[in-house]
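One-letter residues, chain by chain:
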Amino acid sequence: MPLTRRDWLAGAAAAVLTTRKSSAWQTAARRVTVHPDLEVGVIQPALHGHFAEHLGSCVYGGLWVGRDSAIPNINGLRKQAVEDLRAVGIPVLRWPGGCFADDYHWRDGIGPAARRPKRVNLWWGKYVEDNSFGTHEFLELCRLIGAEPYLAGNVGSGTPAELRDWMEYCNLPGESTLAEERKANGAPEPFHVRYWGVGNENWGCGGFLTAEEYAALYRRFATYLGGFGTVKPYLIACGPSSNDLDWTRRFFASMTATRLTSHVMPHGYAMHFYSSGKALAAQHTVETMQEQLSSFARMEEAIRQQRALLDTYDPERKIGLLIDEWGVWDRMDPEDEKRYGRLWQPITMRGAVAAALGLNVFHRQADKLVMCNLAQIVNVLHALLLTREDRCVRTPAYHAFDLLKAHRGRTAVRVETPQDGPLGLSVSASRQDNELAVSCVNPRHDAALRVELVLAGAQAASAAARILHDPDFNSGNTFAQPERITPRAHPVRVQAGRVEIELPPLAVLTAMVRLS
Ligand code: AHR
């Protein structure tokens with residue numbers, strides 16, 4: 001339904017009031033042209049994927065509270081987290097690491113919990129884990145929240161035999177000893193796991209290998225990972241840190257050196273791109289925030305350049321590009337880390353803006369990407385949920401994902417925005433039938449935008465929008481104030497087939513536009 005003029009005036013009046021109350025920001029007019037008929041590519045739901053590592057309180061204490069816990073749980077999984085994650089939709093979940101994956105031995109996490117070995121978590125504090133959360137518990141979590149599982153295999157300290165056995169254990173329906181063992185452990189049906197990572201950051205914590213050494217290991221592992229049962233595995237190779245073109249060039253040069261390697265080429269190639277912050281998460285200055293938010297323009301350029309280089313080895317684009325880990329990584333507060341676990345940081349309005357800038361980049365580059373996983377889902381880095389004892393708070397990043405989820409599975413279409421630099425208005429648009437989803441992000445703290453959406457060759461009949469906004473970039477949803485930053489309806493105006501939107505500073509908005 002189009003908003004009436006009265007609604008619009010009420011909205012505009014509210015905006016003026018907010019302006020007066022908050023500060024004296026400027027309002028600038030911006031015209032954006034959306035081309036509903038210029039298709040970029042399908043926005044795979046997996047571009048909105050996530051990552052859970054045995055790190056800090058992501059798994060133990062966060063997702064997993066244990067079957068005997070007083071905290072409400074479903075077979076040991078925190079009930080509130082399951083419900084919140086199911087509600088926002090988690091298309092894919094990568095586990096168990098990260099650096100942890102290259103020191104994880106899957107057999108430690110199966111069978112009766114009391115008999116599972118206790119192991120030192122080498123990378124994230126050398127504390128002892130009891131392995132009560134293992135393969136079955138992870139796959140149960142995925143089932144409950146509707147996520148496609150992605151298992152990250154151990155190349156650094158593992159063997160090809162160990163990884164092929166994990167695949168057989170998970171995926172073979174039939175009669176082998178490993179399949180029987182899975183059945184005896186409570187899963188009569190195979191898990192049908194499709195996504196398999198072959199190592200993680202092997203240029204770093206995954207063995208400090210050269211690209212050529214990793215390529216040789218990748219070939220060896222992949223030779224034995226052809227698949228079991230009906231699932232054709234999708235094997236994912238370790239890609240570069242940020243936009244390291246040298247790693248990509250050398251890895252693929254080594255992989256394509258002989259014709260014989262063509263049948264062990266990876267299906268996916270995963271880069272990692274973090275946006276580091278020079279301040280504590282809730283103590284950013286304008287400068288540190290702007291420096292961090294500017295990194296998303298570099299990420300977009302990195303996607304273009306990595307894909308272009310990949311195209312020289314893979315002109316038919318059979319190999320998919322992933323961003324396996326991304327998100328904001330601020331300066332850590334050692335006291336917070338002691339209290340809540342390693343890499344714990346509060347998520348603020350800045351974190352919501354960062355999440356939405358990232359998703360907008362992925363939508364615009366939908367033809368070049370197959371999966372992107374935010375690091376990490378609970379209590380670590382750019383978390384969707386923060387937990388403490390029996391409480392569970394949805395962060396502003398959670399709400400940003402919720403606002404932008406309308407794009408999942410739709411076809412991204414071309415958008416022209418003014419060239420205002422990395423802190424300018426960010427827009428992505430996608431289409432399904434007669435409806436456009438348009439997401440706008442204003443990363444500026446000091447300027448409101450009056451956005452006019454022009455639809456090339458089309459007319460808007462009606463529009464409705466929801467917004468996430470807080471003028472304070474250091475504010476977040478705390479245990480005392482869990483609902484401070486949540487999406488709400490926002491007035492938009494349809495005028496002569498165009499859509500007009502008032503976007504306050506630090507805002508994430510999605511408008512659903514019906515075409516006439
Ligand atoms: O997400 C935290 C860590 O960052 C991961 O374990 C590693 O892959 C990356 O360096």
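Since this is a predicted model, take the numbers as computed values, not measurements.

Colleague: Just checking my understanding: could you explain the packing of helix H4 (residues 160–171) against helix H5 (residues 177–184) for this structure?
Modeller: Each pair of packed helices can be described by the angle between their axes along with the distance between the axes. H5 packs onto H4 with a crossing angle of 55 degrees between their chain directions and a minimal axis gap of 7 Å. Regarding the angle of H4 to H5, the classification is oblique. Handedness of the H4/H5 crossing: right-handed. Residues Arg 164, Asp 165, Glu 168, Tyr 169, Cys 170 and Asn 171 of H4 lie in contact with H5, whose contacting residues are Leu 178, Glu 181 and Arg 182. Taken together, the residues of the contact of H4 with H5 break down into three nonpolar, one polar and five charged.

Colleague: What am I meant to see in the nonpolar core here?
Modeller: One recurring pattern in soluble globular proteins is that nonpolar side chains are buried together. Of all hydrophobic cores here, the largest spans 119 residues; its most connected members are Leu 93, Phe 251, Ile 323, Trp 326, Phe 362, Ile 377 and Leu 384. Ranked by the residues each element gives to this core, the list is headed by helix H10 (residues 349–364), at ten residues.

Colleague: How do you make sense of helix H3 (residues 135–145) when you look at a structure like this?
Modeller: An α-helical turn contains 3.6 residues, so any two residues separated by three or four positions project in the same direction. Across the eleven residues that make up H3, a large majority, ten, are buried. Along H3, the residues classified as buried are Thr 135, His 136, Glu 137, Phe 138, Leu 139, Glu 140, Leu 141, Cys 142, Leu 144 and Ile 145.

Colleague: Whenever I open this one, the pairing of strand E14 (residues 385–388) confuses me. Can you help?
Modeller: Residues in a regular strand project their side chains so that they alternate between the two faces of the sheet. Two elements, E14 and strand E15 (residues 391–394), share four bridges in a ladder whose sense is antiparallel. The partner of Leu 386 across the bridge, within E15, is Val 393. Counted along the chain from E14 to the antiparallel partner E15, the turn is two residues long, and its residue Glu 389 has a positive phi close to 45 degrees.

Colleague: What's the story with H10 in this structure? I'm lost.
Modeller: Along its 16 residues, H10 runs 23 Å from first to last C-alpha, staying within 8% of the 22 Å computed at 1.5 Å per residue. Within H10, 15 of the 16 residues are buried, leaving the element largely enclosed by the surrounding structure.

Colleague: Would you take a moment to explain the packing of aromatic side chains for this structure?
Modeller: Geometry of an aromatic ring pair is reported as the spacing of the ring centres plus the angle between the planes. All chains considered together, the criterion is met by 25 aromatic pairs. Seen from their ring centres, Trp 95 and Tyr 104 are 5.6 Å apart, and the 70 degrees between their planes marks the pair as edge-to-face. Per residue, the accessibility class of Trp 95 equals that of Tyr 104, and both read buried. For the ring pair Phe 100 and Tyr 104, a centre distance of 5.5 Å and an interplane angle of 35 degrees mean the geometry is tilted.

Colleague: Before we go on, may I ask you to explain a nonpolar patch on the surface in this structure?
Modeller: A surface patch of nonpolar side chains, amounting to about 500 Å² of accessible area, comprises Val 120, Leu 122, Trp 123, Val 128 and Phe 208. With respect to the element layout, Leu 122 can be found in the loop between strand E6 (119–120) and strand E7 (128–129). Its relative accessible area of 44% is what places Leu 122 among the partly exposed residues.

Colleague: Any chance you could explain the packing of helix H2 (residues 79–88) against helix H11 (residues 396–404) here in plain terms?
Modeller: At a minimum axis distance of 9 Å, the contact between H2 and H11 shows a crossing angle of 35 degrees. The segment H2 lies against H11, with Asp 84, Ala 87 and Val 88 engaging Tyr 398, Phe 401 and Asp 402. In the contact of H2 with H11, the residues fall into four nonpolar, no polar and two charged.

Colleague: How do you make sense of the sheet that holds strand E19 (residues 447–455) when you look at a structure like this?
Modeller: Consider a sheet: its strands pair through backbone hydrogen bonds, and that pairing is either parallel or antiparallel. In space, the ten strands of this open sheet follow the order E21-E20-E24-E18-E17-E16-E1-E19-E23-E22, with mixed pairing throughout. The two strands at the open ends of the sheet, each matched to only one other strand, are strand E21 (488–490) and strand E22 (492–495). For this sheet, the mean angle separating the axes of adjacent strands, direction not counted, is 30 degrees. As judged from the three bridges shared by strand E20 (residues 460–469) and E21, these two strands associate in the antiparallel manner. By the bridge assignment, Ala 465 is partnered in E21 with His 490. Sitting on the sheet, H10 is in contact with strand E1 (26–42), strand E16 (411–416), strand E17 (426–432), strand E18 (435–442), E20 and strand E24 (507–515), with an inclination near 50 degrees to E17. Set on the sheet, H11 makes contact with E18, E20 and E24; between it and E20 the angle comes to about 170 degrees.

Colleague: In this structure, what is going on with the pattern of salt bridges? I would like to understand it.
Modeller: When charged atoms on two side chains of opposite charge get close, those side chains can pair. As enumerated under the stated definition, the model contains 38 salt bridges in all. The closest approach of N and O atoms between Glu 212 and Arg 250, which form a salt bridge, is 2.7 Å. Taken together, the residues Glu 212 in helix H6 (residues 211–223) and Arg 250 in helix H7 (residues 245–255) connect sequence positions 38 residues apart. Exposure remark for Arg 250: the relative accessible area of 32% places this residue in the partly exposed category. For Arg 450, the salt bridge is made with Glu 502, and the minimal N-O distance between the two is 2.7 Å. Of the two residues, Arg 450 is situated in strand E19 and Glu 502 in strand E23 (residues 498–503); the sequence distance between them amounts to 52 residues. Shared partners join several salt bridges into a network, and the residues in it are Glu 300, Glu 301, Arg 304 and Arg 364.

Criteria and cut-off values
- Residues numbered from 1 in each chain as written.
- Predicted model: local features only at pLDDT ≥ 70, side-chain atom pairs only at ≥ 80, totals over all residues.
- Heavy atoms only, no water.
- Axes fitted to C-alpha atoms, helices over the stretch in contact; angles between N-to-C directions.
- Helix = DSSP H or I, 4+ residues; strand = E, 2+ residues; numbered from the N terminus.
- Parallel < 35°, antiparallel > 145°, perpendicular 65-115°, else oblique.
- Left-handed = near helix turned anticlockwise from the far one by under 90°.
- Contact = heavy atoms within 4.5 Å.
- Nonpolar A, V, L, I, M, F, W, Y, C, P; charged D, E, K, R; others polar.
- Core = buried A, V, L, I, M, F, W, Y, C linked by side-chain atoms within 4.5 Å.
- Buried < 20%, exposed > 50% of the residue type's maximum accessible area, 1.4 Å probe, protein only.
- Pairing = 2+ DSSP bridges.
- Expected span 1.5 Å × (residues − 1).
- Phe/Tyr/Trp six-rings, centres within 6.5 Å; stacked < 30°, edge-to-face > 60°.
- Patch = residues over 30% accessible without salt bridge, like charges linked within 9 Å, V, L, I, M, F, W, Y side chains within 5 Å.
- Areas by Shrake-Rupley, 256 points an atom, 1.4 Å probe, with all protein chains shown as cover.
- Salt bridge = Lys/Arg side-chain N within 4 Å of Asp/Glu carboxyl O.

Structural measurements only, silent on function.
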